[in-house]
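Fold and contact review
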Amino acid sequence: ESEKASLGDHGALSVGIDIGTTTISLAIYDLDNISQLETYTLPHNSYTKAGDFSEQDAKAIIEKAKKLLFHILDSYKNIVSIGITGQMHGIVYMDSNGKAVSGLINWQDKRADITLECGKNTSQLIYEKTGENVPTGYGIATHYYNMLTNNVPSEATGICTIMDLFANEICENSKVISHSSVSASLGLFDAKNNCFKKDKLSALGIREELLPEVTNKSKIIGKCRGIPVSVPIGDNQASFLGSVAKNKDTMLVNIGTGSQISYVSESYIELDGELELRPFIEGKYLVCGSALCGGFAYAMLEEFFRSYIVSLGIQESIQYKVMDRIAREAYEAGEEGLMVDAY
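From a predicted model like this one, the values you see are computed outputs, not experimental measurements.

With that settled, consider the nonpolar core. Of all hydrophobic cores here, the largest spans 42 residues; its most connected members are Leu26, Leu69, Ile84, Ile162 and Phe166. Looking at this core element by element, the count peaks at 8 residues for helix H1 (residues 58–75). Discounting residues that sit within four places of it in the chain, phenylalanine 166 has contacts with Ile17, Ile19, Ile62, Ala65, Lys66, Leu69 and Ile84. Counting residues in hydrophobic clusters, the runner-up holds 25 residues, among them Ile91, Ile105, Leu210 and Leu211.

Moving on, we come to the environment of glutamate 335. Counting through the fold element by element, glutamate 335 comes out in the segment after helix H9 (320–332). Counting along the chain gives 29 residues from glutamate 335 to arginine 306, while the straight-line C-alpha distance between them is 24 Å.

Before going further, it helps to spend a moment on the environment of glutamate 117. Mapped onto the elements, glutamate 117 comes out in the loop between strand S9 (104–105) and helix H2 (122–130). Among the residues examined, glutamate 117 registers a relative accessible area of 87% and is labelled exposed. For the pair glutamate 117 and leucine 204, spaced 87 residues apart in sequence, the C-alpha separation works out to 18 Å.

With respect to the secondary-structure elements, serine 102 resides in the loop between strand S8 (92–94) and S9. One polar contact links the side chain of serine 102 to the main-chain amide nitrogen of tyrosine 93, over a distance of 2.9 Å. Other than its neighbours up to four places away in sequence, serine 102 contacts Ala58, Val92, Tyr93 and Pro153.

Looking now at H9. The terminal C-alpha atoms of H9, which comprises 13 residues, lie 18 Å apart, in line with the 18 Å expected from a rise of 1.5 Å per residue. Glycine 334 lies just past H9 and shows a positive phi near 115°.

What follows deals with the packing of aromatic side chains. Here the distance between the centres and the angle between the planes together describe a pair of aromatic rings. Counting across every chain of the model gives 7 aromatic pairs. Consider the rings of phenylalanine 304 and tyrosine 308, whose centres lie 6.4 Å apart with planes at 25°: the pair is stacked. One end of the pair is phenylalanine 304 and the other is tyrosine 308, both in helix H8 (residues 295–311) and 4 residues apart, which spans about a single turn. What links up through ring pairs into an aromatic cluster is the set Phe304, Phe305 and Tyr308. The side chain of arginine 225 reaches across the aromatic face of phenylalanine 70, ending 4.5 Å from its centre.

Attention now moves to helix H3 (residues 139–148). For H3, the buried fraction is high: 8 of the 10 residues fall into the buried class. Those residues of H3 that sit buried are Gly139, Ile140, Ala141, Thr142, His143, Tyr144, Tyr145 and Asn146. Packing partners of the buried residues in H3 comprise S8, S9, H2 and helix H6 (198–204). One or two positions beyond H3, positive phi appears at asparagine 150, with a value near 55°.

With that out of the way, let us pick up the sheet that holds strand S6 (residues 55–56). Taking strand neighbours across the sheet as the criterion, the 3 strands line up as S5-S6-S9 in an open arrangement whose pairing is antiparallel. For this open sheet the edge positions go to strand S5 (47–49) and S9, each flanked by a neighbour on one side alone. When S6 meets S9, the two strands line up antiparallel, connected through 2 bridges. Each bridged residue has a counterpart across the sheet, and for glutamine 56 the counterpart in S9 is leucine 104.

A word on the packing of H1 against helix H4 (residues 162–171). If you want to describe how two helices pack, look at the angle between their axes and the distance between the axes. Contact pair H1 / H4: the axes reach a minimum separation of 10 Å and the direction vectors enclose 55°. Here H1 is positioned oblique relative to H4, judged by the angle of their axes. Here H1 and H4 pass one another in a crossing that is right-handed. Mapping the contact onto sequence places Ala58, Ile61, Ile62, Ala65, Lys66 and Leu69 in H1 and Ile162, Leu165, Phe166, Glu169 and Ile170 in H4. Residue composition of the contact of H1 with H4, by class: 9 nonpolar, no polar and 2 charged.

Turning our attention to the side chain of serine 181. Here serine 181 lies in helix H5 (residues 180–183). Note on serine 181: relative accessible area 2%, which makes it buried. At a separation of 2.8 Å, a polar atom in the side chain of serine 181 contacts the side chain of histidine 179. From its side chain, serine 181 meets the backbone nitrogen of glycine 234 in a polar contact 3.0 Å long.

Another point: the environment of leucine 125. You can see leucine 125 is positioned in helix H2. Separated by 16 residues in sequence, leucine 125 and alanine 141 have C-alpha atoms that sit 9.6 Å apart. The contacts of leucine 125, once residues within four sequence positions are left out, are Leu116, Cys118, Lys120, Tyr144 and Leu148.

The 4 strands lie next to each other as S18-S19-S21-S20, forming an open sheet whose pairing is antiparallel. The open sheet has two edge strands with one neighbour each: strand S18 (251–255) and strand S20 (276–279). When the angles between neighbouring strand axes are averaged without regard to direction, this sheet yields 30°. Relative to strand S19 (residues 259–265), S18 runs antiparallel, the two sharing 5 bridges. When the sheet's bridge partners are listed, methionine 251 is paired in S19 with tyrosine 263. The sheet strands contacting helix H7 (residues 235–243) are S18, S19, S20 and strand S21 (285–291), and the helix crosses S19 at an angle near 65°.

Procedures and definitions
- Residues numbered from 1 in each chain as written.
- Predicted model: local features only at pLDDT ≥ 70, side-chain atom pairs only at ≥ 80, totals over all residues.
- Heavy atoms only, no water.
- Core = buried A, V, L, I, M, F, W, Y, C linked by side-chain atoms within 4.5 Å.
- Buried < 20%, exposed > 50% of the residue type's maximum accessible area, 1.4 Å probe, protein only.
- Helix = DSSP H or I, 4+ residues; strand = E, 2+ residues; numbered from the N terminus.
- Contact = heavy atoms within 4.5 Å.
- Polar contact = N/O pair within 3.5 Å; in protein donor to acceptor, adjacent residues only side chain to side chain.
- Expected span 1.5 Å × (residues − 1).
- Phe/Tyr/Trp six-rings, centres within 6.5 Å; stacked < 30°, edge-to-face > 60°.
- Lys NZ or Arg CZ within 6 Å of the ring centre and 35° of its normal.
- Pairing = 2+ DSSP bridges.
- Axes fitted to C-alpha atoms, helices over the stretch in contact; angles between N-to-C directions.
- Parallel < 35°, antiparallel > 145°, perpendicular 65-115°, else oblique.
- Left-handed = near helix turned anticlockwise from the far one by under 90°.
- Nonpolar A, V, L, I, M, F, W, Y, C, P; charged D, E, K, R; others polar.

As structure tokens, this is what we get:
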């Protein structure tokens, strides 16, 4: 799908691309006229495994994202920057040339909750050895499970997220530079000192060189067709940056495949309980509460609609527009809309 504004004349353009759990989204922004020119949303339909082992075809995602980006670069002149974000926590294994040697084991993966022969799961073992909670779906927990079960690809020399892999591909880089907002999503990350916790990794037998180089700067990591590419940032941080005009005293509720509620902290603070402190930009942090549901529940409903029409002998097609229409018609007929109680 695409949505276009009235193009007319435009100034310098910036392209932003989001590699999400179910879709690839792209926006073209006119920096001089402060207006959005065009948006695209492309389902990537890339799942290869589901359930406890949730994996997606990393190469297919990258190729679809590149095809969409290159279409835009061929269609517009005066593009001066490319920004990237995407789904966090998941990992892709890479070889020494920076090429994928595995699928994307994404944030929905639950292998670290599987009980091992010792009677404990991977997340429990990590806590015993490090004193740190690394939930299932986080890259470090995923990798440690693979280590314990001999499932790390033999060619693997590093791990990274899907958006870091995409940035490397379009810049033709071999070495990954990862923003702290992205690296922190893998687990065992020291947000205060902007680095992975070396002693904790060592306790697990994880080599530090397996992990990407980290920066907390909004830096250029390369060029794509001569256009500067900024280091990717986490999707939670990107949604806050793009949605909130004034960082201070603003709270953002974001519902994608998952869901988050976030606000900015000017400095590092220790948190207990369900909230998490995530690196943001300019030395700031996001205080974030996350849930695994959100739009994933809507995606499950869409799968039901799709399977139902197939059972009727109708050709399979994406049903989100149908669901939106039914909801809109129900609302117009007098049904109550979404009710939110903030107290």
